[in-house]
Amino acid sequence: MTSYHDKRFVEIFQLTKAYPNRYADDVKVVDGFDLVMQRGDVVSVIGHSGCGKSTVLTMLAGLNPATSGSIAVNGREIDGPGPDRAVVFQSPCLLPWLTTLGNVMLGVEKVYPHGSKTQRRQICEHYLAAVGLADSMHKYPREMSGGMQQRVGIARAIALKPQVLLLDEPFGRLDSLTRMELQDVVLRVLDTDRITTMIITHDVDEAIYISDRVCMMTSGPRAHVGQILEIPFARPRQRADVLEHPLYYDLRGCLISFLEQQDHSDDKSGVHDDASATMQRVEALYDTTHGRVGVDAADLALPVGAA
Ligand SMILES: Nc1ncnc2c1ncn2[C@@H]1O[C@H](COP(=O)(O)OP(=O)(O)OP(=O)(O)O)[C@@H](O)[C@H]1O
C-alpha cells in the first residue's frame, strides 16, 4: 500500500525565483512552478536553454533559496541542503589529490559516521562497481577520462543513499558513445535502487529512455511547467525495446513539438494546439497498450497534459 507521503514524496508548490537585476526590476526567471513526484519517480525536466531548469534543481537541492513557494521532501519542507538530497552536475569536481575510492569515501564517512571502516569501504566499493569502476578504485582523477570521472561523481552521489537524486545535465559534456554508456549505468542503478530522481536534460531521447515522466518547462522569463508527459515503458528497460516501441516516435514528436512551439510562439505560457494534438494521440495509443505498473495518474497533482 502506497502511503500519502510516498505518492507526494516531492512536492513543489508555486515555486518562484527572481534574480536581482542591476539596471531594472528583479527578473522572475521561474514563476509558479508546480510538480509532484512519487517516491521512486524518475522525472526529466526539459526546456529551452536559460528557461530556468537548473534554477529549479538547485532550489530543490537547497543550494538556491526560493523567492516564494515551497518544496517538501517526504512531508517536510526543505530549508537548505541536506543529506537526503544528492546532486550530480555536468562536471564531477573530484578532489585531485584523492583516489576514486577516496573521493567517494569522503561523503560516505559523513553519512555513515557510526559504521566501521570496513562497512564504509564496502559501500564505496559496491557503488563504484555498480558504475563499472571496480578496476579503477585506486586511480587518481588525472588518470581517468571525463566519462570515468563522471562515473565517480554518480557513484559518490548514490553511495550517500539519498532520498532524492538530482542530476543536472550529467552527460552534457560527454561524447555520444560515453553518454549512452552512462545513461545505461544510471538506468541500471535507478532500476535497482528506485531513487526518486530529477534529471535535467536537453536531449529528448535521453528523457524518454531514462524517465517515468517528462516535465516540459515553458520558455522564460516566468517559466513554469507547461506539460507533463507520462512515459509508459515498464522497468527494467532495454534501449532496443524502447526504440522499437510503437509509441516511441509519438512521445518524441510530442516533446519536440512542445519545444518548437515554445521557440516560435509569442504566447509561451503553456499548452499549444499542435502539442496538445500530439499528446492526445499519445494518450489514445497509451490507452491501448499496457501502461507502466504502479502509477495512478489521479494520484498526481499534474496529470498528463496539465498546464
Ligand atoms: N545567480 C544568478 N543571478 C542572476 N541571474 C541568474 C543566476 N543564475 C541564473 N540566472 C539566469 O536565470 C536564467 C535561468 O538560468 P538557468 O541556469 O536556471 O537556466 P537553464 O534552463 O538551466 O539553462 P541551460 O539549459 O542553458 O543550462 C538565465 O537567464 C540565467 O542567466
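Procedures and definitions
Residues numbered from 1 in each chain as written. Predicted model: local features only at pLDDT ≥ 70, side-chain atom pairs only at ≥ 80, totals over all residues. Helix = DSSP H or I, 4+ residues; strand = E, 2+ residues; numbered from the N terminus. Contact = placed C-beta atoms within 7 Å. Buried ≥ 20, exposed ≤ 12 C-beta atoms within 10 Å, placed from the backbone. Near = placed C-beta within 6 Å. Nonpolar A, V, L, I, M, F, W, Y, C, P; charged D, E, K, R; others polar. Core = buried A, V, L, I, M, F, W, Y, C linked by C-beta atoms within 7 Å. Expected span 1.5 Å × (residues − 1). pLDDT = per-residue confidence, 0-100. Pairing = 2+ DSSP bridges. Axes fitted to C-alpha atoms, helices over the stretch in contact; angles between N-to-C directions. Arc of directions from axis to C-beta. Parallel < 35°, antiparallel > 145°, perpendicular 65-115°, else oblique. Left-handed = near helix turned anticlockwise from the far one by under 90°. UniProt positions renumbered as here; feature names shortened; annotations may be inferred.

Just to check I follow, could you spell out the overall build of the protein chain for this structure?
The helix and strand tally for the protein chain stands at 10 helices and 10 strands. In the protein chain, the proportion of contacts linking residues at least 24 apart, taken out of those at least 6 apart, comes to 71%.

Looking at this structure, how should I read the environment of D31?
Turning to its location among the elements, D31 is positioned in strand 2 (residues 27-37). A residue is classified by how many C-beta atoms lie within 10 Å of it, and D31, with 20 of them, is buried. Placed 21 residues apart in sequence, D31 and G52 show a C-alpha to C-alpha distance of 9.7 Å. The contact partners of D31, leaving out residues within four places of it in the chain, are T16, R222, A223 and H224.

Got a minute to help me understand the site of the ligand in this structure?
Neighbouring residues of the ligand: Y19, V29, G47, S49, G50, C51, G52, K53, S54, T55 and G220. Per-element tally for the shell around the ligand: the top contributor is helix 2 (residues 53-61), with 3 residues. Of the residues that constitute the shell around the ligand, the class distribution is 3 nonpolar, 7 polar and 1 charged.

Would you mind going over the nonpolar core with me for this structure?
Where a protein is soluble and globular, its nonpolar side chains tend to be buried together. The biggest cluster of nonpolar side chains holds 78 residues, and the ones touching the most others in it are L60, V104, A155, L166, C215 and L255. Non-local contacts of C215, meaning those with residues more than four positions away in its chain, are made with L35, V43, S44, V45, V225 and I228.

Looking at this structure, I do not really get helix 6 (residues 176-193). What am I missing?
One turn of the α-helix equals 3.6 residues, which is why residues spaced by three or four share an orientation. With 18 residues, helix 6 should reach 26 Å at 1.5 Å per residue; the first-to-last C-alpha distance of 25 Å fits that figure. For helix 6, the complete set of buried residues consists of L182, Q183, V185, V186, L187, V189 and L190. Of the surrounding elements, those touching the buried residues of helix 6 are strand 3 (42-46), helix 4 (117-130), helix 5 (146-158), strand 8 (196-200) and helix 7 (204-210).

Please clarify how the environment of T55 should be interpreted in this entry.
By the element assignment, T55 lies in helix 2. Here the alpha-carbon distance between T55 and V30, two residues 25 residues apart in the chain, equals 7.8 Å. Among all residues touching T55, those that are not within four sequence positions of it are K17, V29, V30 and N64.

Even after reading the chapter, I still don't get the confidence of the model for the protein chain, so can you show me in this structure?
A residue-level look at the protein chain finds 86% of positions with pLDDT of 70 or above and a mean pLDDT of 86. In this model residues 289-307 is a low-confidence stretch, pLDDT under 50, and it forms 34 contacts with partners more than four residues away in sequence or in other chains.

What is the right way to look at the sheet that holds strand 9 (residues 213-217) in this model?
Within a sheet, each strand pairs with its neighbour through backbone hydrogen bonds, oriented either parallel or antiparallel. Pairing within the open sheet is mixed, and its 6 strands lie in the order 6-7-8-3-9-10. Looking at which strands have only one partner, the edges of the open sheet turn out to be strand 6 (85-88) and strand 10 (225-230). Taking the axes of each pair of neighbouring strands and ignoring which way they run, one obtains an average angle of 20° across the sheet. Relative to strand 10, strand 9 is paired through 5 bridges, and the arrangement is antiparallel. Residue pairing in the sheet places M217 in a bridge with V225 of strand 10. Each of strand 6 and strand 7 (164-168) touches helix 5; the most contacted strand, strand 6, lies at about 175° to it.

I keep staring at helix 9 (residues 248-264) and nothing clicks. Help me out?
The end-to-end C-alpha separation of helix 9 is 24 Å, in line with the 24 Å expected for 17 residues at 1.5 Å each. Taken together, the buried positions of helix 9 are occupied by L251, C254, L255, F258, L259, Q261 and Q262. Buried residues of helix 9, viewed axially, fall in a sector of 160°; they line one side. Across from the buried face of helix 9, at angles greater than 90 degrees, the exposed residues are Y249, D263 and H264.

Where do I start with the sheet that holds strand 1 (residues 10-19) in this structure?
Spatially, the 4 strands line up as an open sheet ordered 2-1-4-5, and their pairing is antiparallel. Both outer strands of the open sheet, strand 2 and strand 5 (76-77), are each paired with one neighbouring strand and no more. The sheet contacts of helix 2 involve strand 1, strand 2 and strand 4 (68-73), and relative to strand 1 the element is tilted by about 120°.

How should I be thinking about the packing of helix 3 (residues 100-111) against helix 5 in this particular structure?
Axis angle and axis distance: for two packed helices, these are the angle between their axes and the distance between the axes, and together they describe the pair. Between helix 3 and helix 5, whose axes approach to 8 Å, the crossing angle comes to 30°. Considering the angle they form, helix 3 stands roughly parallel to helix 5. Handedness of the crossing formed by helix 3 with helix 5: right-handed. Of the residues in helix 5, those in contact with T100, N103, V104 and G107 of helix 3 are V152, A155 and R156. Of the residues belonging to the contact of helix 3 with helix 5, the class tally is 3 nonpolar, 3 polar and 1 charged.

Please explain the UniProt feature "domain: ABC transporter" (unreviewed entry) in the protein chain as it appears in this structure.
Annotation from UniProt places "domain: ABC transporter" (unreviewed entry) at residues 10-244. As annotated, residues 10-244 has a helix share of 34% and a strand share of 25%, and its two end C-alpha atoms lie 32 Å apart.

Is there a simple way to explain the packing of helix 3 against helix 4 in this structure?
Between helix 3 and helix 4, the least distance of the axes is 9 Å, while the angle of their chain directions is 125°. Between helix 3 and helix 4, the angle is such that the two are oblique. Regarding helix 3 and helix 4, the two cross each other, and that crossing is right-handed. Contacts between helix 3 and helix 4 involve T100, L101, V104, M105, V108 and E109 from the first element and R120, I123, C124, Y127 and L128 from the second. Residues belonging to the contact of helix 3 with helix 4 are distributed by class as follows: 8 nonpolar, 1 polar and 2 charged.

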